[in-house]
Amino acid sequence: MSYRTEEVAYVQPAQPAGAAQAAQQQRSTAEYRALDAAHHIHPFSDMGSLNRSGSRVIVKAQGVYLWDSDGNKIIDGMAGLWCVNVGYGRKELADAAYRQMQELPFYNTFFKTTHPPVIELSALLAELAPEPFNHFFYCNSGSEGNDTVLRIVHQYWATQGKHSKKFVISRKNGYHGSTIAGGTLGGMGYMHEQMPSKVENIVHIDQPYFFGEAEGNLTPEEFALARAQQLEAKILEIGADNVAAFIGEPFQGAGGVIFPASTYWPEIQRICRKYDILLVADEVIGGFGRTGEWFAHQHFGFEPDLITLAKGLTSGYVPMGAVGLHDRVAKAIIENGDFNHGLTYSGHPVAAAVAVANLKLLRDDKIVERVKTDTGPYFQKKLRDTFANHPIIGEISGAGLVAGLQLAEDPKARKRFANGGEVGTICRDFCFNGNLIMRATGDRMLLSPPLVINKLEIDEIVAKAKYAIDATAQQLGIS
Ligand SMILES: *Cc1c(COP(=O)(O)O)cnc(C)c1O
């Protein structure tokens with residue numbers, strides 16, 4: 001289960017910053033924990049167990065580092081939650097928010113009004129996104145982005161007079177957020193179990209997870225092709241006249257940084273075109289430089305009709321999501337009367353101003369280019385060199401500054417641990433204690449550091465990851 005919290009025993013090496021840090025804090029760690037336990041319900045958490053062990057209290061951050069309330073300095077291998085692409089403490093973003101709050105803290109964009117920040121952001125996104133993406137709709141999160149996608153998809157087919165096109169095909173172990181629509185689109189069984197009422201007409205096909213699910217002697221390319229062809233089979237089963245769209249993350253993020261082989265996306269695109277089905281790329285993690293391209297669909301070489309954006313759009317400094325519309329979809333939406341969807345904070349001026357400052361930093365400091373040509377290749381090679389022939393590493397997936405490390409009982413035989421989630425949790429706790437944030441999804445360890453990370457910091461992450469994975473192997477008695 002992807003976000004679950006487990007009890008963690010803290011090791012507390014005193015850091016030099018500790019005393020000064022504690023002096024600025026309003027309360028002691030114990031007080032924070034007691035109040036947190038008394039009043040705060042965390043997302044995706046077992047609150048009983050969390051309250052007994054106590055949360056880690058993060059009090060400040062700079063660059064790629066976090067500090068907790070005990071003064072521990074922690075390297076953030078996850079960029080917060082896949083979002084802090086420009087790193088922590090960027091004054092440009094803080095200044096943009098401060099200026100905008102003084103100038104115009106809020107105005108809506110509903111009733112024939114607009115404002116400079118949302119105009120600047122839209123023009124900038126059109127410049128940065130691939131050629132056919134020139135129109136953007138705004139919301140506050142990735143989940144709302146995917147809710148918006150459904151609204152656009154259905155409106156689009158209504159404008160084409162194809163009212164029977166209602167089904168949306170998604171994938172098992174995909175993640176598309178946690179609103180009712182986002183959770184239904186996603187393929188996380190444990191989320192579906194807690195949603196007795198789901199959005200109608202959403203069905204799932206299997207994921208392109210080679211290490212875990214390929215049988216026999218299929219090559220990764222053959223396997224990925226077979227998984228893509230499940231889309232065609234599903235369309236034929238439902239009837240092409242009834243299928244509106246296919247949605248997928250170019251690489252699955254929360255599902256374990258699963259990178260499909262190069263045969264996958266071209267085949268998905270071919271099938272979508274053949275049966276006249278909209279292709280949606282959920283770029284919430286992949287967007288804004290993660291793979292070394294501005295958007296992950298560019299890395300995989302396909303052209304979606306809609307893209308969902310969030311996380312890296314503002315580097316997480318304030319909440320914002322968006323949907324980018326391909327010209328042919330935008331044209332249909334624009335020329336066919338009212339589009340009956342909006343959020344109070346669609347295009348919020350402060351969020352838009354922060355997004356503009358963030359995107360200009362990514363562009364003008366050449367951060368995305370550096371991920372592509374320098375830090376990304378360095379990170380990927382370092383991981384592969386460090387874990388080549390490691391006794392419990394079965395696969396390393398990724399590109400740019402995102403990676404998934406498959407823990408496996410027998411790497412050569414592609415045999416996973418029977419109790420995979422438990423092994424991931426053991427490893428995650430060693431990371432935590434070693435002051436590295438590395439996430440565990442089942443038995444895959446995930447890294448997605450801020451895009452501004454330098455090589456020394458990459459070395460530190462990989463060394464700490466190695467320590468945690470070695471310690472895990474040792475605890476399991478594997479060497
Ligand atoms: C995080 C995520 C979402 C949901 O975004 P929220 O801002 O948490 O609602 C949607 N899709 C993908 C691929 C994500 O990683």
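Note that the structure is a prediction, hence the values are computed from the model and not measured.

Conventions used here
- Residues numbered from 1 in each chain as written.
- Predicted model: local features only at pLDDT ≥ 70, side-chain atom pairs only at ≥ 80, totals over all residues.
- Heavy atoms only, no water.
- Phe/Tyr/Trp six-rings, centres within 6.5 Å; stacked < 30°, edge-to-face > 60°.
- Lys NZ or Arg CZ within 6 Å of the ring centre and 35° of its normal.
- Near = heavy atom within 4 Å.
- Polar contact = N/O pair within 3.5 Å; in protein donor to acceptor, adjacent residues only side chain to side chain.
- Areas by Shrake-Rupley, 256 points an atom, 1.4 Å probe, with all protein chains shown as cover.
- Helix = DSSP H or I, 4+ residues; strand = E, 2+ residues; numbered from the N terminus.
- Nonpolar A, V, L, I, M, F, W, Y, C, P; charged D, E, K, R; others polar.
- Axes fitted to C-alpha atoms, helices over the stretch in contact; angles between N-to-C directions.
- Parallel < 35°, antiparallel > 145°, perpendicular 65-115°, else oblique.
- Contact = heavy atoms within 4.5 Å.
- Core = buried A, V, L, I, M, F, W, Y, C linked by side-chain atoms within 4.5 Å.
- Buried < 20%, exposed > 50% of the residue type's maximum accessible area, 1.4 Å probe, protein only.
- Domains from an automatic or database assignment.
- Pairing = 2+ DSSP bridges.

1. Observations concerning the packing of aromatic side chains
Ring pairs (aromatic) are described by centroid distance and by the angle formed between their planes.
And step 1. Following the criterion strictly, the structure yields 11 aromatic pairs and no others.
And step 2. A connected cluster of aromatic rings, assembled from ring pairs, spans Phe246, Tyr264, Trp265 and Phe302.
And step 3. Sitting above the plane of the Trp67 ring, Lys60 keeps its charged end 4.7 Å from the centroid.
And step 4. One cation-aromatic arrangement involves Lys165 over Trp157; the distance from NZ or CZ to the ring centre is 4.8 Å.

2. With respect to the site of the ligand
And step 1. Every residue near the ligand is listed here: Ser141, Gly142, Ser143, Asn146, Tyr175, His176, Gly177, Glu249, Asp282, Val284, Ile285 and Lys311.
And step 2. With respect to the ligand, the backbone of Tyr175 contributes an N or O atom lying 3.4 Å from a nitrogen atom.
And step 3. Lys311 places a side-chain nitrogen or oxygen 2.7 Å from an oxygen atom of the ligand.
And step 4. Notes on the ligand: free accessible area 380 Å², of which the protein chains cover 85%.
And step 5. Looking at the shell around the ligand element by element, the count peaks at three residues for helix α7 (residues 142-159).
And step 6. Each residue belonging to the shell around the ligand can be placed in one class, and the counts come to three nonpolar, six polar and three charged.

3. Some words on the packing of α7 against helix α14 (residues 327-334)
And step 1. It is the contact of α7 with α14, at a shortest axis distance of 9 Å, that shows an interaxial angle of 70°. Put simply, α7 runs roughly perpendicular to α14. Contact with α7, carried on its side by Ile152, Gln155, Tyr156 and Thr159, involves Arg328, Val329, Ala332 and Ile333 of α14 and no other residues of that element.
And step 2. Grouping the amino acids of the contact of α7 with α14 by side-chain chemistry returns five nonpolar, two polar and one charged.

4. A look at the nonpolar core
And step 1. Ranked by size, the top nonpolar core spans 101 residues in total, and within it Leu121, Phe246 and Leu359 carry the most contacts.
And step 2. With 10 residues, helix α15 (residues 349-364) is the single largest residue contributor to this core.
And step 3. Both domain 1 (56-89 + 366-476) and domain 2 (93-364) contribute no fewer than three residues apiece to this core.
And step 4. If you look at the next biggest cluster of nonpolar residues, it comprises 22 residues, including Val149, Leu150, Ala181 and Val280.

5. Focus: the sheet that holds strand β10 (residues 321-326)
And step 1. Taking strand neighbours across the sheet as the criterion, the seven strands line up as β4-β10-β9-β8-β7-β5-β6 in an open arrangement whose pairing is mixed. In the strand order of this sheet, the two ends are held by β4 (133-139) and β6 (202-205), each with one partner. Looking at each pair of strands side by side, their axes are set apart by 25° on average, direction ignored.
And step 2. Those strands touched by α7 are β4, β5 (167-171), β6, β7 (243-248), β8 (278-282), β9 (306-309) and β10, and its axis lies near 160° from that of β9.

6. Some words on unusual backbone geometry
Note: most residues except glycine have negative phi, and most peptide bonds are trans.
And step 1. A positive phi is found at Trp82, a non-glycine position, where the angle reads about 65°.
And step 2. Positionally, Trp82 belongs in helix α4 (residues 79-82).
And step 3. Classification of Trp82 by relative accessible area gives buried; the value is 1%.
And step 4. A positive phi angle, close to 55°, is found at Lys366, a residue other than glycine.
And step 5. Mapped onto the elements, Lys366 comes out in the loop between α15 and α16 (367-387).

In short, geometric facts, not functional conclusions.
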